[in-house]
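Analysis of the macromolecular model
Chain by chain, the residues run as shown.
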Amino acid sequence: MNIKMTFYILGKMLGMEALLLLLPAFVGLIYQEESAVYFVITAAVMGVLFLLTGIRKPANRKIYGKEGMVIVALTWILWSLFGAMPFTLSGSIPSYVDAFFETVSGFTTTGSTILADVEALPQCMLFWRSFTHWVGGMGVLVFAMMLTNMEKTSMHLMRAEVPGMEKDKLVPRMKESSRILYGMYLGLSVILVILLLLGGMNLFDSLIHMFGTAGTGGFSNYAISVGHFDSAYIDVVLSIFMILFGVNFGLYFLLLTREFKPVWKNEELRAYLLIITIATLLIAVNINGDYPNFLQSVRFSLFQVASIITTTGFATTDFNYWPMFSKCILMTLMVIGACASSTGGGIKVCRGLVVLKTIKQAVKQMLHPKSVSLIRVNDKKMSPETLKNVYSYLMAYAVIAVGSVILVAIDNMDMETTISAVMTTLNNVGPGFGVVGPMGSFADYSAFSKIVFSFDMLVGRLEIFPFLILFTAFAWRKKF
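What this report covers is the structure whose coordinates are included nearby.

What counts and how
- Residues numbered from 1 in each chain as written.
- Predicted model: local features only at pLDDT ≥ 70, side-chain atom pairs only at ≥ 80, totals over all residues.
- Heavy atoms only, no water.
- Helix = DSSP H or I, 4+ residues; strand = E, 2+ residues; numbered from the N terminus.
- Buried < 20%, exposed > 50% of the residue type's maximum accessible area, 1.4 Å probe, protein only.
- Contact = heavy atoms within 4.5 Å.
- Areas by Shrake-Rupley, 256 points an atom, 1.4 Å probe, with all protein chains shown as cover.
- Lys, Arg positive; Asp, Glu negative; His and termini not counted.
- Charge placed at Lys NZ, Arg CZ, Asp CG, Glu CD.
- Core = buried A, V, L, I, M, F, W, Y, C linked by side-chain atoms within 4.5 Å.
- Expected span 1.5 Å × (residues − 1).
- Polar contact = N/O pair within 3.5 Å; in protein donor to acceptor, adjacent residues only side chain to side chain.
- Phe/Tyr/Trp six-rings, centres within 6.5 Å; stacked < 30°, edge-to-face > 60°.
- Salt bridge = Lys/Arg side-chain N within 4 Å of Asp/Glu carboxyl O.
- Axes fitted to C-alpha atoms, helices over the stretch in contact; angles between N-to-C directions.
- Parallel < 35°, antiparallel > 145°, perpendicular 65-115°, else oblique.
- Left-handed = near helix turned anticlockwise from the far one by under 90°.
- Nonpolar A, V, L, I, M, F, W, Y, C, P; charged D, E, K, R; others polar.
- Disulfide = S-S within 2.5 Å.

A look at the overall build of the protein
Helix and strand counts for the protein come out as 22 helices and two strands. Projecting the C-alpha coordinates of the protein onto the three principal axes gives extents of approximately 65 × 55 × 50 Å. A burial count over the protein gives 58% of its 480 residues as buried. Excluding contacts between residues fewer than 6 apart, the proportion of contacts in the protein whose partners are at least 24 apart in sequence is 71%. Accessible surface for the protein amounts to roughly 20100 Å². Of this, 68% is attributable to carbon and sulfur atoms. In the protein, which carries 36 positive and 29 negative side-chain charges, the distance between the mean positions of the two groups comes to 18 Å.

Structure follows, in structure tokens:
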């Protein structure tokens, strides 16, 4: 373990967050809010830490996969710890555990909240709360690589942070890849803001809901989320863009280079769109009696399906009151999630494809024991190492999910609330069912359970292993 280089990069990341904290401070200045000063105070503290650790480069600058995972995990923890400070210092969220939960939920693009009255927060706090979605959506380290000179260390950091089975580079240099990713991310974000402004939103509301959509996070500045606007136009626009941000960004790069055929043939994309279509139609039929006409039921069904499968978490209605059949479909979508290398969470559609193809292969070999078949995704043979990683991930996911349910069950909530609370945080979705439904919150849970949920959100966003490796002795040995 290269300790000096690890601390150097962590120091640089603290300096980066210090600069980002000046944005909500500026928003507070515009709205003449006293709370803005707490962003400046926090930024000053982080600035000092940056000067102490992030200025002088160590002689040995080499890092490997182990250091990359540790740096990524520690960066997300530190950004959440410091990012929570303005909430507590200002009194907006008096409990630091609650503020930490809210900030982790923001950076991991989960969207779960402990706030019962979100509209009571100052505008600068609402801005910071949602802006964390936008930064965390593509990844805080990817964001830093885009702006700084971290080329020699970027490969291991990006591989540890970008979700998916395999980490493909868009171009040979990781720094250029990160800039291309954020260029596409920013472009889609700007287009969305313009469309929301055309739909009647003011600039502040447009930015807040763009942050939540682009990062697939789901924080809104209104208690009833997107339902506040009661606009079919806004529902459709957000539904389309939630789906777009749940697509593998590598496919957008192919579109930019006019390689259309590989995009259409992409199995994950086709499966993703098929799941959305089928789920939307099934739920629309199931809830049709609750709405004036079928078109209305399709509108609400599509929005909620897009929101849940992309793990955004916005809501236009309280789906707690939908029939159990529809709620079970939504729960399934929570687990499936979006595409790899997108801003969405869940186990990812590509892993689901691998599981289905593994089952198909097993059945085929039972019928024809001497046959030899390979598992391919997008006409690409899955290597034994990739398959092992997928199965290890799914086993670890199951263990963490079951363990978390047992731990938070101490609070004695009903079964629907307990299980959905774990699944919605572990999959970075946001709202669950029961007490933690779209119109509810996690406020009634104990501090212990909120820490468990925070752990789940971090584990889910970093796809388990970069975070778990922090707790192994292997990670801290001097020798690789």
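Details of the nonpolar core
Judged by nonpolar contacts, the single largest core of 131 residues is most densely connected at Trp 134, Phe 249 and Tyr 272. In this structure, Val 354, Ile 375, Val 377 and Met 382 belong to the second largest nonpolar core, which totals six residues.

Notes on helix H11 (residues 203-214)
With twelve residues, H11 extends 16 Å from end C-alpha to end C-alpha; this agrees with the ideal 16 Å at 1.5 Å per step. The buried fraction of H11 amounts to ten of the twelve residues, a majority that puts the element mostly inside the structure. If you check which residues of H11 are buried, you get Phe 204, Asp 205, Ser 206, Ile 208, His 209, Met 210, Phe 211, Gly 212, Thr 213 and Ala 214. The N-cap of H11, judged by a side-chain oxygen 3.2 Å from the amide nitrogen of Phe 204 a few residues on, is Asn 202.

Topic: the side chain of Ser 231
Looking at where Ser 231 falls in the secondary structure, it is placed in the loop between H11 and helix H12 (232-245). On the basis of relative accessible area, Ser 231 is assigned to the buried category, the value being 16%. Side-chain polar atoms of Ser 231 contact the backbone nitrogen of Ile 234, separated by 3.2 Å.

What about H12?
The end-to-end C-alpha distance of H12 is 20 Å, a good match for the 20 Å that 14 residues give at a rise of 1.5 Å each. The set of residues buried in H12 consists of Ile 234, Asp 235, Val 237, Leu 238, Ser 239, Phe 241, Met 242, Ile 243 and Phe 245. The backbone nitrogen of Tyr 233 lies 3.4 Å from a side-chain oxygen of the residue at the head of H12, namely Ser 231.

Things to note about the packing of aromatic side chains
Tallying each qualifying case throughout the model produces 26 aromatic pairs. Seen in terms of ring centroids, Trp 134 and Tyr 182 are 5.7 Å apart; in terms of plane orientation they differ by 65°. Their pairing is edge-to-face. Of this pair, Trp 134 sits in helix H7 (residues 123-138) while Tyr 182 sits in helix H10 (residues 174-198); the two residues are 48 residues apart in sequence, bridging distant segments of the chain. For the residue pair Trp 134 and Tyr 182, the accessibility class agrees, reading buried in each case.

Remarks on the pattern of salt bridges
Applying the stated criterion across every chain, the model contains eight salt bridges. Two residues, Arg 129 and Glu 102, come together in a salt bridge whose shortest N-O distance is 2.8 Å. On the criterion of sequence distance, the pair formed by Arg 129 in helix H7 and Glu 102 in helix H6 (residues 96-107) is long-range, its members being 27 residues apart. Among the ionic pairs, Lys 348 bridges to Glu 463, the shortest N-O distance being 3.4 Å. Of this pair, Lys 348 sits in the loop between helix H17 (324-336) and helix H18 (349-367) while Glu 463 sits in the loop between helix H21 (447-461) and helix H22 (465-468); the two residues are 115 residues apart in sequence, bridging distant segments of the chain. Note on Glu 463: relative accessible area 7%, which makes it buried. Look at the salt bridges and you will find they share partners, linking Asp 230, Asp 235 and Arg 299 into a network.

A look at unusual backbone geometry
Of note, Gln 32 is a non-glycine position whose phi angle comes to about 55°, a positive value. Exposure remark for Gln 32: the relative accessible area of 74% places this residue in the exposed category.

Topic: the packing of helix H15 (residues 267-286) against H17
Between H15 and H17, the shortest axis-to-axis distance is 9 Å and the interhelical angle comes to 160°. The angle between the axes of H15 and H17 places the two elements in the roughly antiparallel class. Both H15 and H17 take part in a crossing whose hand is left-handed. Judged by residue contacts, Ile 275, Ala 279, Leu 282, Ile 283 and Asn 286 of H15 engage Phe 325, Ser 326, Ile 329, Leu 330, Leu 333 and Ile 336 from H17. Taken together, the residues that form the contact of H15 with H17 break down as nine nonpolar, two polar and no charged.

Remarks on the state of the cysteines
With the rule as written, the count across this model stands at zero disulfides. Left unpaired, Cys 339 is separated from the closest cysteine sulfur, that of Cys 350, by 7.8 Å. Classification of Cys 339 by relative accessible area gives buried; the value is 1%. Relative accessible area serves as the criterion here: at 5%, Cys 350 is assigned to the buried category.

Things to note about the environment of Gln 296
Take Gln 296: it is sitting in helix H16 (residues 294-309). Separated by 173 residues in the primary sequence, Gln 296 and Ile 469 have C-alpha atoms spaced 47 Å apart.

Description of the side chain of Asn 320
Tracing the chain through its elements places Asn 320 in the loop between H16 and H17. On the basis of relative accessibility, which here comes to 18%, the residue Asn 320 falls in the buried class. A distance of 2.9 Å separates the side chain of Asn 320 from the backbone nitrogen of Gly 434, its partner in a polar contact. Aside from chain neighbours lying at most four places away, what touches Asn 320 is Lys 327, Phe 433, Gly 434, Gly 437 and Pro 438.

What about the environment of Asp 318?
Looking at the secondary structure, you find Asp 318 in the loop between H16 and H17. Distance from Asp 318 to Ile 224, taken between C-alpha atoms, is 8.7 Å for residues 94 residues apart in sequence.

Details of the environment of Gly 54
Within the secondary structure, Gly 54 sits in the loop between helix H3 (36-53) and helix H4 (65-83). Note on Gly 54: relative accessible area 5%, which makes it buried. Along the sequence, Gly 54 and Gly 11 sit 43 residues apart, while their C-alpha atoms lie 4.1 Å from each other. Setting aside anything within four residues of it in sequence, one finds Gly 54 in contact with Tyr 8, Gly 11, Lys 12 and Leu 49.

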